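Architecture at a glance
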Amino acid sequence: MATIVLVHGILGVGSELFPTHALPIRPVVDYFNGVKVHLEKSGIGVMAPTTPPLQAIEDRGKLLAQSLDSLPAGRVDIIAHSMGGLDARFVLHRYPDIAQRITSLTTIGTPHRGSAVADMVRSGTNALYDLAPAFLTRQIGALTDLTTARAQAFNEKTPDAGGVHYMNIAGVAPMNSQQLLLQLAAEIGKLSGANDGVVLRSSALYDKHEHLDDWPVDHFGEIGWASWRGGLSVQASDFYPDQHLERYNTLLAKIWSLPAR
């Protein structure tokens, strides 16, 4: 059976809140919003590992590698959102035994060149970082790893794994997006140019990777969460934006067109 690995981004969670706990505890929120169940109904094996929400790429990557050590036999492809794409790139570079099992890695809204939003957040907390002990700053290492300077250093020391097909998707948020959080993020980062409200298109598309068609959604829409209209009423499109699962169907067709390793 073929397996798709769904890798969440910063502040996200996989299919279990505490993967090392003896009894599985399911999260209330499905990060990829229905994608896992949708793929499983098609007979595809799906793994959705959990990594620490705010730790550095290396720490998140090590735990991701532990999950990937238990991959079943057969073809394996990775779909990663946001920071999860950097975690996956780290694993494929650092762990060649895992990389040789992987046919492709598709990143969606991943800040391969860092995020201007992270630059502003990190620069505004320099004094706190200077005062905090090392063990504490390591727990929130993602805030540093997502800066443009750290991303450049990461790219220089993390070449792509041979034999893995890398693909990128950028989200381009509609101009009338009402997602308050994304509006705030864009204002903080002073984003200029096509973006998903958090990550510039130019950062989501890495030079050495195949670039797939842009998705006309914001950073949350990339994983199926629509802009909230406010009020007490809830409609289906609040949870499943138009074409959400169809976009993943199209992506899957592209993935299956690649020869397995």
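In this report, the structure presented in the accompanying data block is examined. (Residues numbered from 1 in each chain as written. Predicted model: local features only at pLDDT ≥ 70, side-chain atom pairs only at ≥ 80, totals over all residues. Heavy atoms only, no water.)

1. Description of the sheet that holds strand β2 (residues 45-47)
The six strands are arranged β2-β1-β3-β4-β5-β6 in an open sheet whose pairing can be described as parallel. Both edges of this open sheet fall to β2 and β6 (210-211), since each of them pairs with a single strand only. The sheet contact formed by strand β1 (residues 3-7) and strand β3 (residues 76-81) spans five bridges and is parallel. Residue pairing in the sheet places Ile4 in a bridge with Asp77 of β3. (Pairing = 2+ DSSP bridges. Helix = DSSP H or I, 4+ residues; strand = E, 2+ residues; numbered from the N terminus.)

2. Some words on the packing of aromatic side chains
Summed over all chains, the structure comprises two aromatic pairs. Consider the rings of Tyr31 and Phe32, whose centres lie 5.2 Å apart with planes at 65 degrees: the pair is edge-to-face. The exposure class assigned to Tyr31 is buried, which follows from its relative accessible area of 13%. Consider the rings of Trp215 and Tyr248, whose centres lie 5.2 Å apart with planes at 65 degrees: the pair is edge-to-face. (Phe/Tyr/Trp six-rings, centres within 6.5 Å; stacked < 30°, edge-to-face > 60°. Buried < 20%, exposed > 50% of the residue type's maximum accessible area, 1.4 Å probe, protein only.)

3. Quick notes on the nonpolar core
Val5, Leu68, Ile78, Leu92, Ile102 and Leu105 are the most contacted members of the largest nonpolar core, which has 28 residues in total. Listed by contribution, the elements that provide at least two residues to this core are β1, α2 (57-68), β3, α3 (83-94), α4 (96-99) and β4 (102-108). Examining the composition of this core, we find that six residues originate from one element, α3, more than from any other. Apart from residues lying up to four places away in sequence, Val5 is in contact with Met47, Pro49, Leu68, Leu71, Val76, Asp77, Ile78 and Ile79. In terms of nonpolar packing, the next biggest core, distinct from the first, is built from 23 residues, Ile4, Leu212, Val217 and Tyr248 among them. (Core = buried A, V, L, I, M, F, W, Y, C linked by side-chain atoms within 4.5 Å. Contact = heavy atoms within 4.5 Å.)

4. Some details on the pattern of salt bridges
On inspection of all chains with the given rule, the structure shows eight salt bridges. When the shortest N-O distance is used, the salt bridge between Arg201 and Asp214 registers 2.7 Å. Of this pair, Arg201 sits in helix α11 (residues 201-204) while Asp214 sits in the loop between β6 and α12 (236-239), and the two are 13 residues apart along the sequence. A relative accessible area of 34% places Arg201 in the partly exposed class. (Salt bridge = Lys/Arg side-chain N within 4 Å of Asp/Glu carboxyl O.)

5. Topic: the pairing of strand β5 (residues 165-169)
By the criterion of burial, β5 is predominantly enclosed, with four of the five residues buried. One ladder, built from two bridges, connects β5 with β6; its direction is parallel. The residue of β6 that forms the bridge with Asn168 is His211.

6. Considerations on helix α13 (residues 244-256)
For α13, with 13 residues, the first-to-last C-alpha span of 19 Å sits near the 18 Å given by 1.5 Å per residue. Of the surrounding secondary structure, the elements contacted by the buried residues of α13 are β1, α1 (35-41), β3, β4 and β5. (Expected span 1.5 Å × (residues − 1).)

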